[in-house]
Amino acid sequence: GGDLTIGDSSRSEINMPRSSANYINASNASGYLVFRTAAGSTALTLSSNQSATFASSVFIPDYIRHVSDPSDDTYFGFSGNDTFVVYTAGGKGIEIDSNRNVDFTGAVGVGVAGGSNAKLEVVATSGEVFRADSNSGAFRIVAHQTGVNTQGVLAHTGTLTCSSTADFAQNVTLGDDKELIFG
């Protein structure tokens, strides 16, 4: 056996000199196409179910795109140094920057589908809800259990209604025309 060269005289598409230990193995029992390095270790395996297995890190220059998306506008990757971005329907959905800050373009839901009632909504299995409304920036806490605590200053405009027991560790001060209703 001599060297293997596939291509024309102006450009070789595949060139494996006999002195190289690199090789492609397509005659294995599994039917996989296996790419091996000079050290004999497997670098890449292409299986018959169309999956690719890399033996180590995969380096990408910028983005990985969703091939079945007809408009080619769903992809993720790196828009710059240390910045990871996810795009869907042509718009930025999530971005993580070099300071590890996360920017969500759309609504975020934890325990509930995002955007169901607010810009940010967190719902516990026992029924407690925290919502940050998308328009006014206000937030609401809905609790269906005892033992819900708030710390710090709770500033409220309008009527504050308590349908059960309220326990205040310090003074409660009400300004002009403010109500605190129990009952």
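Relevant structure appears above.
Residues numbered from 1 in each chain as written. Predicted model: local features only at pLDDT ≥ 70, side-chain atom pairs only at ≥ 80, totals over all residues. Heavy atoms only, no water.

Student: When you look at the overall build of the protein in this model, what are you seeing that I'm missing?
Tutor: The number of helices and strands found in the protein is 0 helices and 17 strands. The 183 residues of the protein split such that 11% are buried. Sequence separation of 24 or more characterises 0% of the internal contacts of the protein that already satisfy a separation of 6 or more. (Helix = DSSP H or I, 4+ residues; strand = E, 2+ residues; numbered from the N terminus. Buried < 20%, exposed > 50% of the residue type's maximum accessible area, 1.4 Å probe, protein only. Contact = heavy atoms within 4.5 Å.)

Student: Sorry, what's going on with the sheet that holds strand β9 (residues 83–88) here?
Tutor: Strand order in the open sheet made by the 5 strands is β7-β8-β9-β10-β11, with antiparallel pairing throughout. The open sheet has two free edges, formed respectively by β7 (63–65) and β11 (102–104), since each of these has just one partner strand. Recorded for the sheet is a direction-independent mean angle of 25 degrees between the axes of neighbouring strands. Pairing analysis gives 5 bridges linking strand β8 (residues 75–80) to β9, with the strands arranged antiparallel. In the sheet register, Tyr75 faces β9, and the bridge partner there is Tyr87. (Pairing = 2+ DSSP bridges. Axes fitted to C-alpha atoms, helices over the stretch in contact; angles between N-to-C directions.)

Student: I tried to follow the side chain of Asp69 on my own but got confused; where do I start?
Tutor: One can find Asp69 in the loop between β7 and β8. The buried charged residue Asp69 lacks any salt bridge partner; its closest oppositely charged side chain belongs to Arg65, at an N-O distance of 7.9 Å. A polar contact of 2.6 Å, which involves the side chain of Asp69, links it to the side chain of Thr74. (Lys, Arg positive; Asp, Glu negative; His and termini not counted. Salt bridge = Lys/Arg side-chain N within 4 Å of Asp/Glu carboxyl O. Polar contact = N/O pair within 3.5 Å; in protein donor to acceptor, adjacent residues only side chain to side chain.)

Student: Can you help me understand the environment of Phe84 in this one?
Tutor: Within the secondary structure layout, Phe84 lies in strand β9. Considered as a pair, Phe84 and Tyr63 are 21 residues apart in the sequence and their alpha carbons are 9.5 Å apart. Beyond its immediate chain neighbours, meaning those up to four positions away, Phe84 contacts Phe76, Gly77, Phe78, Ile94, Glu95 and Ile96.

Student: Honestly, the pattern of salt bridges in this entry has me stumped. Any pointers?
Tutor: Pairing between side chains of opposite charge can happen when their charged atoms approach one another. Evaluated as defined, the whole model comprises 3 salt bridges. Asp72 is the salt-bridge partner of Arg65, the closest N and O atoms lying 3.8 Å from each other. Arg65 sits in the partly exposed class, given a relative accessible area of 40%. Its salt-bridge partner being Asp103, residue Lys92 comes within 3.3 Å of it at the nearest N-O pair. Placement of Lys92 in strand β10 (residues 91–96) and of Asp103 in strand β11 is noted, with a sequence separation of 11 residues between them. One network of salt bridges, with partners in common, ties together Lys92, Glu95 and Asp103.

Student: Explain the packing of aromatic side chains to me, please; I cannot follow it from the model alone.
Tutor: How two aromatic rings sit relative to each other is given by the distance of their centres and the angle of their planes. With the rule as written, the count across this model stands at 5 aromatic pairs. Their ring planes at 55 degrees and their centres at 6.2 Å tell us that Phe76 and Phe84 sit as a pair that is tilted. A residue is classified by how much of its surface remains accessible, and Phe76, at 35% relative accessible area, is partly exposed. With a centroid separation of 5.6 Å and an interplanar angle of 65 degrees, the aromatic rings of Phe78 and Phe84 are classed as edge-to-face. On the accessibility criterion, Phe78 (39% relative accessible area) is partly exposed. A residue is classified by how much of its surface remains accessible, and Phe84, at 26% relative accessible area, is partly exposed. (Phe/Tyr/Trp six-rings, centres within 6.5 Å; stacked < 30°, edge-to-face > 60°.)

Geometric values such as these leave the question of function open.
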